[in-house]
Amino acid sequence: MSGVIEREKMHPSNTMYAGWSPALQMYIMNKMESYSFFGYSDYYEITEETYEHFCDEGFVPEPVRLLFSSDPMHRPTGEHKVFHDRFFGIE
């Protein structure tokens, strides 16, 4: 189940989705970003309330904290690496 997001919801902006991560045991939001000619995702912890309102028109999700990023220019380190590895099942 690692790397899987359950009960996935797509935000009306089509640049974010959210759901429950069994591997991290928390609600997370994936925000798609772009830099020059490539794209990457930032993964954030969100509250259950944010998840519940995620698809509401005009709702702007407020993340609790950045968990990790798939930005190839910034490799995850420290706590970010722990979250990254746990999410993707790398032990």
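No experiment lies behind these values; they were computed from the predicted model shown.

(A) How the structure looks around the overall build of the protein chain. Each helix and strand in the protein chain was counted, giving two helices and five strands. Helices and strands in the protein chain line up, N terminus first, as β-β-β-β-α-β-α. Compactness check: the protein chain gives a C-alpha radius of gyration of 13 Å against a globular reference of 12 Å for 91 residues, within 12% of the reference. Each principal axis of the C-alpha atoms in the protein chain carries an extent, and together these give about 35 × 35 × 20 Å. Counting only residues that meet the buried cut, the protein chain has 37% of its 91 residues in that class.

(B) Representation of the pattern of salt bridges. In the structure shown here, the tally under the stated rule is four salt bridges. The salt bridge involving Lys 31 is made with Glu 33; its shortest N-O contact spans 3.9 Å. A salt bridge links Glu 45 to Arg 65; the shortest N-O distance between them is 2.6 Å. Remark: Arg 65 occurs in strand E5 (residues 65-69) and Glu 45 occurs in strand E4 (residues 38-46); sequence separation between them is 20 residues. Judged by its relative accessible area of 31%, Arg 65 falls in the partly exposed class. Each of Glu 45, Arg 65 and Glu 79 takes part in one network of salt bridges that share partners.

(C) Spatial organisation of the confidence of the model for the protein chain. Mean pLDDT over the protein chain stands at 89; residues scoring 70 or higher make up 97%. Within the protein chain, no element has a lower average pLDDT than strand E1 (residues 6-10), which sits at 89, and none a higher one than helix H1 (residues 48-52), at 96.

(D) Summary view of the packing of aromatic side chains. A complete count under the given rule lists nine aromatic pairs for this structure. An angle of 45 degrees between the planes, with centres 5.7 Å apart, marks the rings of Phe 68 and Phe 87 as tilted. Of this pair, Phe 68 sits in strand E5 while Phe 87 sits in helix H2 (residues 78-88); the two residues are 19 residues apart in sequence, bridging distant segments of the chain. For the pair formed by Phe 68 and Phe 87, the shared burial category is buried. Each ring, one from Phe 87 and one from Phe 88, has its centre 4.8 Å from the other, and the planes form 85 degrees; the classification is edge-to-face. For Phe 87, a relative accessible area of 2% puts it in the buried group. Three or more aromatic residues joined by ring pairs form one cluster here, namely Tyr 43, Phe 68, Phe 87 and Phe 88. Between the NZ or CZ atom of Lys 9 and the centre of the ring of Tyr 51, over which it lies, the distance is 4.2 Å.

(E) Molecular detail of the pairing of E1. As paired strands, E1 and strand E2 (residues 16-21) are joined by three bridges and run antiparallel to one another. Within E2, the position partnered with Lys 9 by the bridge is Ala 18. Adjacent in sequence and paired antiparallel, E1 and E2 are bridged by five residues, among which Asn 14 carries a positive phi angle near 60 degrees.

Cut-off values and rules
- Here, residues in each chain are numbered from 1, in the same order as that chain's written sequence.
- At least 70 in pLDDT is required for a residue's local features to be given in this predicted model, at least 80 for side-chain atom pairs to be given and counted, and no such filter applies to totals for whole chains, interfaces and linings, which use all residues.
- Derived side-chain values reflect all non-hydrogen atoms in the structure, with water molecules and hydrogen atoms excluded from consideration.
- Strands are runs of DSSP state E lasting at least 2 residues, helices are runs of H or I lasting at least 4, and numbering of each runs from the N terminus.
- Only the C-alpha atoms count toward the radius of gyration. The rule for a globule is 2.2 Å times the residue count to the power 0.38.
- Think of it in three bands: with a 1.4 Å probe and only protein chains considered, a residue is buried below 20% of the maximum accessible area for its type, exposed above 50%, and partly exposed in between.
- Salt bridge criterion: a side-chain nitrogen from Lys or Arg within 4 Å of a carboxyl oxygen from Asp or Glu.
- Per residue, pLDDT captures the predictor's confidence, and it can take any value from 0 to 100.
- Each pair of aromatic rings taken from Phe, Tyr and Trp, with Trp reduced to its six-membered ring, is defined by centres within 6.5 Å and is described as stacked if the planes are under 30 degrees apart, edge-to-face if over 60, and tilted in the remaining cases.
- Only lysine NZ and arginine CZ atoms are considered, and such an atom sits over a ring when it is within 6 Å of the ring centre and within 35 degrees of the ring normal.
- Pairing between strands is defined by DSSP: at least two bridges between the two strands are required.

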